[in-house]
Amino acid sequence: MGSSVGLAALSSQAVLVDRLVAMIGEQAITWRDVEAARLLGSIPPDGAPRDAVERLVTRELMHGEVERLAVAPPIAAAVDERLDRARQRAGGADAFARSLAALGLSENRARQWVADDLAIDVYVDQRFTAAAQPTDVEVTNEATAGGRAATPDALAEARRRLVQTRRTALVSDWLAGIRARTNVQIAWPQ
């Protein structure tokens, strides 16, 4: 009799069923996590499922490293701004609240998720943007390649391109190192 009461109580509770998409170390990543990342702006809201899973795996690898390094939390106003953009993308506050509920997320958990994203952004900017800065000679050479004039706009554009290219390479190397020392298994989609 006691076990049938327990089963009846279990059957009346909402049960969220989800699909495992990846394992990062001991941490499971589910499709619900992918959808939450899309809703909150951590990854683009569209694209192929495989790309979405890879982007979330990358985000989680970065998050683990930022958490390990104890990066300071972002200011509340920045978190509020990102949450406001997520609400707008969702179609308003009510639609956002319904989407959170459907994903099994509280407003506090969404706030923490966004704060984690901001901490990742700050860390990556601080660590890699300064390291990616070219010298003035490199900028001038880039701007004047092919006989172009070294106008202020051309120099600014050359600096932007060089920084972006170098920053992307530095971040890719960093992520490759993290991934090499972390057991990452993609379970879905294959």
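Residues numbered from 1 in each chain as written. Predicted model: local features only at pLDDT ≥ 70, side-chain atom pairs only at ≥ 80, totals over all residues. Heavy atoms only, no water.

**Examining the overall build of the chain**
Then, number 1: Of the regular secondary structure elements, the chain holds eight helices and three strands.
Then, number 2: Helices (α) and strands (β) of the chain occur, in sequence order from the N terminus, as α-β-β-α-α-α-α-α-α-α-β.
Then, number 3: Within the chain, buried positions represent 32% of all 190 residues.
Then, number 4: A separation of at least 24 residues holds for 67% of the contacts in the chain among residues at least 6 apart in sequence.
Then, number 5: Only carbon and sulfur atoms are counted for the fraction: they give 55% of the accessible area of the chain, which is about 11300 Å². (Helix = DSSP H or I, 4+ residues; strand = E, 2+ residues; numbered from the N terminus. Buried < 20%, exposed > 50% of the residue type's maximum accessible area, 1.4 Å probe, protein only. Contact = heavy atoms within 4.5 Å. Areas by Shrake-Rupley, 256 points an atom, 1.4 Å probe, with all protein chains shown as cover.)

**Observations regarding the packing of aromatic side chains**
Then, number 1: With the rule as written, the count across this model stands at two aromatic pairs.
Then, number 2: Ring centres of Tyr123 and Trp174 lie 5.7 Å apart, and the angle between their planes is 45 degrees; this geometry places the pair in the tilted category. Within this pair, whereas Tyr123 is found in helix 6 (residues 107-129), its partner Trp174 is found in helix 8 (residues 152-180), the two being separated by 51 residues in sequence.
Then, number 3: A relative accessible area of 8% places Trp174 in the buried class.
Then, number 4: Judged by centre distance (5.4 Å) and plane angle (50 degrees), the rings of Phe128 and Trp174 are tilted. With Phe128 in helix 6 and Trp174 in helix 8, this residue pair connects regions lying 46 residues apart in the sequence. (Phe/Tyr/Trp six-rings, centres within 6.5 Å; stacked < 30°, edge-to-face > 60°.)

**A look at the sheet that holds strand 3 (residues 184-186)**
Then, number 1: A sheet is described by the order of its strands in space; here three strands give the open sequence 2-1-3, paired in antiparallel fashion. On the outer flanks of this sheet lie strand 2 (27-30) and strand 3, each paired with one strand and no other. Adjacent strand axes in the sheet meet at a mean angle of 20 degrees, parallel and antiparallel pairs treated alike.
Then, number 2: Alignment of strand 1 (residues 20-24) against strand 3, held across three bridges, turns out to be antiparallel. Residue pairing for strand 3: Met23 is matched across the bridge by Gln185.
Then, number 3: In this fold helix 2 (residues 31-40) packs onto strand 1 and strand 2, with an angle of close to 70 degrees to the strand it touches most, strand 2. (Pairing = 2+ DSSP bridges. Axes fitted to C-alpha atoms, helices over the stretch in contact; angles between N-to-C directions.)

**Concerning helix 2**
Then, number 1: In terms of burial, helix 2 is largely enclosed, as seven of its ten residues are buried.
Then, number 2: Arg32, Val34, Ala36, Ala37, Arg38, Leu39 and Leu40 are the residues of helix 2 that are buried.
Then, number 3: Here the buried face of helix 2 lies against strand 1, strand 2, helix 3 (49-68), helix 4 (76-90), helix 5 (93-103) and helix 6.
Then, number 4: Where helix 2 ends, the next residue or the one after it, Gly41, has phi of about 85 degrees, a positive value.

**Re the packing of helix 4 against helix 5**
Then, number 1: Taken N-terminus to C-terminus, the directions of helix 4 and helix 5 make an angle of 95 degrees; their axes are 7 Å apart at the nearest point. Between helix 4 and helix 5, the crossing angle belongs to the class labelled roughly perpendicular. Touching Leu83, Ala86, Arg87 and Ala90 of helix 4 are Ala93, Ala95 and Phe96, all from helix 5. (Parallel < 35°, antiparallel > 145°, perpendicular 65-115°, else oblique.)

**Some points on the pattern of salt bridges**
Then, number 1: The final tally for this structure, using the stated rule, is 17 salt bridges.
Then, number 2: Two residues, Arg59 and Glu60, come together in a salt bridge whose shortest N-O distance is 2.6 Å. Neither residue differs from the other here; Arg59 and Glu60 are each classed as buried.
Then, number 3: The shortest N-O distance in the salt bridge between Glu157 and Arg161 comes to 3.7 Å. Highlighted residues: Glu157 and Arg161, both in helix 8, separated by four residues, approximately one helical turn.
Then, number 4: What makes Glu157 partly exposed here is its relative accessible area of 31%.
Then, number 5: Relative accessible area serves as the criterion here: at 30%, Arg161 is assigned to the partly exposed category. (Salt bridge = Lys/Arg side-chain N within 4 Å of Asp/Glu carboxyl O.)

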